[in-house]
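Report on the structure
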Amino acid sequence: MSNPATAAQKKSFGEWFRSRKVQKRLLIGTFMIVPLLLLLTFTYIPFAKMIQFSFYDMKYIGPRTWVGIKNYVDVFKRSDIFGSLLLSLYYMAGAVIQLALALFFATLFVFKVKGESFFKATMFFPYLICGIAVGFIFKFFYQRGMVLDTILQMFGMDLNNIPFWLKDQKINNWSLVATSVWRYTGQNMVLFLGAMMSVDTDLYEAASLDGANKWQQFKYIILPSIKSIVVLNLVLSISGSLSAFEPPYVITNGRMGTGTYFVIMNRLAHENQKVGLASAMAIVLLVIIIIVTVAQKLFFKYAFDDGSSDESKAAVKAKKKAAKLAKKEARA
């Protein structure tokens, strides 16, 4: 004969298990299991192993020798490794040019131009092309006597006076930077354009009635409204400049002074089989990117106006200071 208290307890547990709250949590947990397992298997475990490998002198296959922080010391001592980070300055300069062009074209499209749909698609199309394919396109584009040289000769330039775009170390890195600018300008333009489209069009009409020209509308209406997107794009572009890989790898294979940090790391890991040193390089690069990103955010936080939409930063600070003084006086 069953105990009535036990039956009531089982019944209450069944009701609890079938409740909407429990079923909702079970459903969420079930759907999260697979992505969490994938994230753990292909991201966190490999990252932990890479940190472990960075303390060994090792190849992919073979014995391992514990060397402590020697690999990290070599990253900073070897000129071919840490010196390659200086090439990131070229790509940072290109990122600024790229963002300026994207902002310019996005502003043009906001004020409506003929054939804007065609121009939008044309500018965004390079971003859809695989980075390796872009590299091969520009490899032939810059090749001696090929596309770019032929175009310049059509305008009367002598082939002997045209520089070697990929061999001359004074300009070859700028040539590679131009490749990145060509590919990513359209992407940034679309991001800027999306932010600009959220601005109320009545503001433009009101500004036009007050006599504001296009530059004044851009300066006082558009730019303050999309400040957060501008900062985000700049942070992402400069952080991405530190890890430039595809243009120098595909076009020049890192030769003739074009080997970026990522290209050197790839060469050490896969060609020279110095897995420990390459792992240390990856960790150092991650730390540098984190530092640069935090520094950029702090810079933009304190260098630009961070007040409310109706008040300047100084006014907001003054109001907070006055409120604190009022609280002190009230306590006294």
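Analysis parameters
- Residues numbered from 1 in each chain as written.
- Predicted model: local features only at pLDDT ≥ 70, side-chain atom pairs only at ≥ 80, totals over all residues.
- Heavy atoms only, no water.
- Helix = DSSP H or I, 4+ residues; strand = E, 2+ residues; numbered from the N terminus.
- Expected span 1.5 Å × (residues − 1).
- Buried < 20%, exposed > 50% of the residue type's maximum accessible area, 1.4 Å probe, protein only.
- Phe/Tyr/Trp six-rings, centres within 6.5 Å; stacked < 30°, edge-to-face > 60°.
- Patch = residues over 30% accessible without salt bridge, like charges linked within 9 Å, V, L, I, M, F, W, Y side chains within 5 Å.
- Areas by Shrake-Rupley, 256 points an atom, 1.4 Å probe, with all protein chains shown as cover.
- Salt bridge = Lys/Arg side-chain N within 4 Å of Asp/Glu carboxyl O.
- 1 Å grid on protein atoms, 1.4 Å probe; cavity = no way out; pocket = protein on both sides within 12 Å on 5 of 7 lines; lining within 4 Å.
- Points joined across faces, edges and corners; volume = space filled by probe spheres on them.
- Nonpolar A, V, L, I, M, F, W, Y, C, P; charged D, E, K, R; others polar.
- pLDDT = per-residue confidence, 0-100.
- Contact = heavy atoms within 4.5 Å.
- Core = buried A, V, L, I, M, F, W, Y, C linked by side-chain atoms within 4.5 Å.
- Axes fitted to C-alpha atoms, helices over the stretch in contact; angles between N-to-C directions.
- Parallel < 35°, antiparallel > 145°, perpendicular 65-115°, else oblique.
- Left-handed = near helix turned anticlockwise from the far one by under 90°.

It is worth spelling out helix 12 (residues 227-241) at this point. In a regular helix each residue adds 1.5 Å, so 15 residues correspond to 21 Å; helix 12 covers 21 Å between its end C-alpha atoms and thus fits that length. Within helix 12, the full set of buried residues consists of Asn233, Leu234, Val235, Ser237, Ile238, Ser239 and Ser241.

Our next topic: the packing of aromatic side chains. Summed over the entire model, instances satisfying the criterion amount to 16 aromatic pairs. When the centroid spacing of 5.4 Å and the interplanar angle of 65° are considered together, the rings of Phe104 and Phe105 count as edge-to-face. When its relative accessible area of 26% is taken as the criterion, Phe105 is described as partly exposed. Centroid distance Phe138 to Phe141: 5.5 Å. Interplanar angle 70°. Geometry classified as edge-to-face.

To continue, consider a nonpolar patch on the surface. A cluster of nonpolar side chains, Ile132, Phe136, Phe140, Met146, Val147, Ile151, Met154 and Phe155, forms an exposed patch at the surface whose accessible area comes to about 820 Å². Of all the secondary-structure elements, those providing two or more residues to the nonpolar patch are helix 7 (131-142) and helix 8 (147-154). Of note, Ile132 is situated in helix 7. On the basis of relative accessible area, Ile132 is assigned to the partly exposed category, the value being 34%.

Inspection of every chain in the model, using the stated rule, returns one cavity of 30 Å³ or more. Of the voids in this model, the largest cavity is the one considered here, and its volume is about 50 Å³. Gly131, Val134, Gly135, Thr179, Ser180, Arg183, Tyr184, Glu246 and Pro247 together form the lining of the largest cavity. Of all the secondary structure elements, the ones that give two or more residues to the lining of the largest cavity are helix 7, helix 9 (172-197) and helix 13 (246-252). No other element matches helix 9, which puts four residues into the lining of the largest cavity. Partitioned by chemical class, the residues of the lining of the largest cavity number three nonpolar, four polar and two charged.

A few words on the confidence of the model for the protein chain. Per-residue pLDDT for the protein chain averages 83, and the proportion of residues at 70 or more is 90%. Confidence over residues 306-312 falls short of pLDDT 50; this stretch has 11 contacts with residues more than four positions distant or in other chains.

One broad trend across soluble globular proteins is that nonpolar side chains are buried collectively. Residues Phe192, Met196, Ile222 and Ile226 are the most contacted members of the largest nonpolar core, which totals 23 residues. At the level of elements, helix 5 (88-110), helix 9, helix 10 (201-209), helix 11 (214-225) and helix 12 are the ones that each hand at least two residues to this core. Element by element, the count of residues in this core is highest for helix 5, at six residues. Setting aside its immediate chain neighbours within four residues, Ile226 contacts Leu103, Phe192, Ala195 and Met196. Core analysis: the next-biggest nonpolar cluster, separate from the first, contains 19 residues, Leu242, Ile264, Ala269 and Leu277 among them.

Attention now goes to the layout of surface pockets. Estimated volume of the largest pocket: approximately 410 Å³. Around the largest pocket sit 21 residues that line it, and Gln98, Tyr184, Ser237, Gly240 and Ser241 are the ones nearest its centre. Elements with a minimum of two residues in the lining of the largest pocket: helix 5, helix 9, helix 12 and helix 13. Counting residues per element, the lining of the largest pocket draws most heavily on helix 9, at seven residues. Across the lining of the largest pocket, the residue classes break down as 10 nonpolar, 10 polar and one charged.

All right, on to the pattern of salt bridges then. Note that side chains of opposite charge can pair when their charged atoms are close. For the coordinates displayed, the defined rule picks out five salt bridges. Residue Asp80 pairs with Arg78 through a salt bridge whose shortest N-O separation is 2.9 Å. Residue Arg78 is classed as partly exposed on the basis of its relative accessible area, which comes to 27%. Across the salt bridge formed by Arg144 and Asp149, the nearest N and O atoms sit 3.9 Å from each other. Residue class for Arg144 comes out partly exposed when judged on its relative accessible area of 28%.

In this section: unusual backbone geometry. With glycine set apart, most residues show a phi of negative sign, and most peptide bonds adopt trans. Residues other than glycine seldom take positive phi values, yet Asn253 does so here, at roughly 60°. Looking at the secondary structure, you find Asn253 in the loop between helix 13 and helix 14 (261-271). The phi dihedral of Gln273 is positive, around 60°, even though this residue is not glycine. Its location among the elements puts Gln273 in the loop between helix 14 and helix 15 (275-303).

The next thing to look at is the packing of helix 9 against helix 12. Between helix 9 and helix 12, the shortest axis-to-axis distance is 10 Å and the interhelical angle comes to 160°. Taken as axis vectors, helix 9 and helix 12 run roughly antiparallel relative to one another. Here helix 9 runs over helix 12; the crossing is right-handed. Listed contacts from helix 12 to Asn188, Leu191, Phe192 and Ala195 of helix 9 are Ile229, Val230, Asn233 and Ser237. Classifying every residue of the contact of helix 9 with helix 12 gives five nonpolar, three polar and no charged.

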